[in-house]
Amino acid sequence: MKNIKARWLLPAMVLLLTACSKMDDTYRQFLDGGEIIYTGKVDFLEVFPGKNRVLLSWYLVSDPKITMCRVYWNQRRDSTEVAVKRTGGTDTIRLILDKLPENIYTFQVYTYDNAGHSSVKEEAIGNAYGDAYISTLSNRPVRAAKYDAAKNEATIWWFGVNNQVQYVEVLYTNSAGMETKVVQRADSVPENPRDPLEFRASLKLPDYKAGTSFRFRTAYKPVKIAIDTFYTAYETRAVQ
């Protein structure tokens, strides 16, 4: 029985040693010229969308040898470099990429040292918005607009707004004939205090000049972290 085991054990050991030797030869091909060295990768890469542009932000936490970052986008057909001077602590890098066609982009960021060693990539996805997005926006709809002669003021009653609206800007003429601007933002506390503030259903325009119209537009952000505000075209309405 022992002889049978020995006959099987010896060939198995030979096969194992041969396999290990081949694996060593394979890895040795990649390590020719020395050990592969990587620089520290970026941390907390974020993309803040804007109008035909984005703001990229990331941290450099480790590796004081980093001297440059390179950003790729558009399937790596476009790139740019950012020179880095480390401070010894955590450094925040911010980069604006403008003149971007409206699209969804994947951004890849690498770090480099003076010897040309690079990090592994850090990747994030973000949008650049433009005319296509703006074409979907509409003014806050007006329910009614009436003038109160006794109070010398006009009141606008509105329909609701969606959650991308930041504010409504109203331009009107006061009794002295001067243009006046009023901005209405969400400032009403909802029934559930955990919900975001709500827009009031009406807006008063004090010292309003009777017989004139007002103009208004609505400001949007596609997401809260957007770096740009998008506007509808001004709309003119009469006051009853």
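- The name recorded for the protein chain in an unreviewed UniProt entry is DUF4998 domain-containing protein, from Chitinophaga oryzae.

## Quick look at the packing of aromatic side chains
Next, step 1: If you walk through the whole model with that rule in mind, you get 11 aromatic pairs.
Next, step 2: Centre to centre, the rings of tyrosine 172 and tyrosine 208 are 5.4 Å apart; their planes meet at 20°, and the pair counts as stacked. Here the residue tyrosine 172 occupies a position in strand E10 (residues 165-173), and tyrosine 208 occupies one in the loop between strand E12 (202-206) and strand E13 (214-220), the gap between them amounting to 36 residues. As far as the burial class goes, tyrosine 172 and tyrosine 208 line up, both buried.
Next, step 3: Aromatic rings pair up to connect Tyr129, Tyr133 and Phe230 into one cluster.
Next, step 4: The ring centre of tyrosine 112 lies 4.6 Å from the NZ or CZ of arginine 70, which sits over that ring.
Next, step 5: The positively charged end of arginine 76 is found above the aromatic ring belonging to tyrosine 72, 4.0 Å away from the centroid.

## Looking at the pairing of strand E3 (residues 66-73)
Next, step 1: A large share of E3 lies buried, amounting to seven of its eight residues.
Next, step 2: Judged from the six bridges that link them, E3 and strand E6 (residues 103-113) form a sheet pairing that is antiparallel. If you follow methionine 68 over to E6, its bridge partner there is tyrosine 112.
Next, step 3: Sheet analysis places E3 next to strand E4 (residues 78-83), joined by six bridges and oriented antiparallel. Within the sheet, the bridge partner assigned to valine 71 lies in E4 and is threonine 80.
Next, step 4: Hairpin connection between E3 and E4: a loop of four residues separates the two successive antiparallel strands, and asparagine 74 in this loop has a positive phi of roughly 60°.

## A short note on the sheet that holds E12
Next, step 1: Within the open sheet, the three strands sit side by side as E8-E9-E12. Their pairing is antiparallel. Pairing within the sheet leaves two strands with one partner each, and these edge strands are strand E8 (142-148) and E12. Within the sheet, the average angular offset between the axes of one strand and its neighbour, ignoring direction, is 15°.
Next, step 2: As paired elements, strand E9 (residues 153-158) and E12 share five bridges and run antiparallel to each other. The residue of E12 that forms the bridge with isoleucine 156 is leucine 203.

Procedures and definitions
Residues numbered from 1 in each chain as written. Predicted model: local features only at pLDDT ≥ 70, side-chain atom pairs only at ≥ 80, totals over all residues. Heavy atoms only, no water. Phe/Tyr/Trp six-rings, centres within 6.5 Å; stacked < 30°, edge-to-face > 60°. Helix = DSSP H or I, 4+ residues; strand = E, 2+ residues; numbered from the N terminus. Buried < 20%, exposed > 50% of the residue type's maximum accessible area, 1.4 Å probe, protein only. Lys NZ or Arg CZ within 6 Å of the ring centre and 35° of its normal. Pairing = 2+ DSSP bridges. Axes fitted to C-alpha atoms, helices over the stretch in contact; angles between N-to-C directions.

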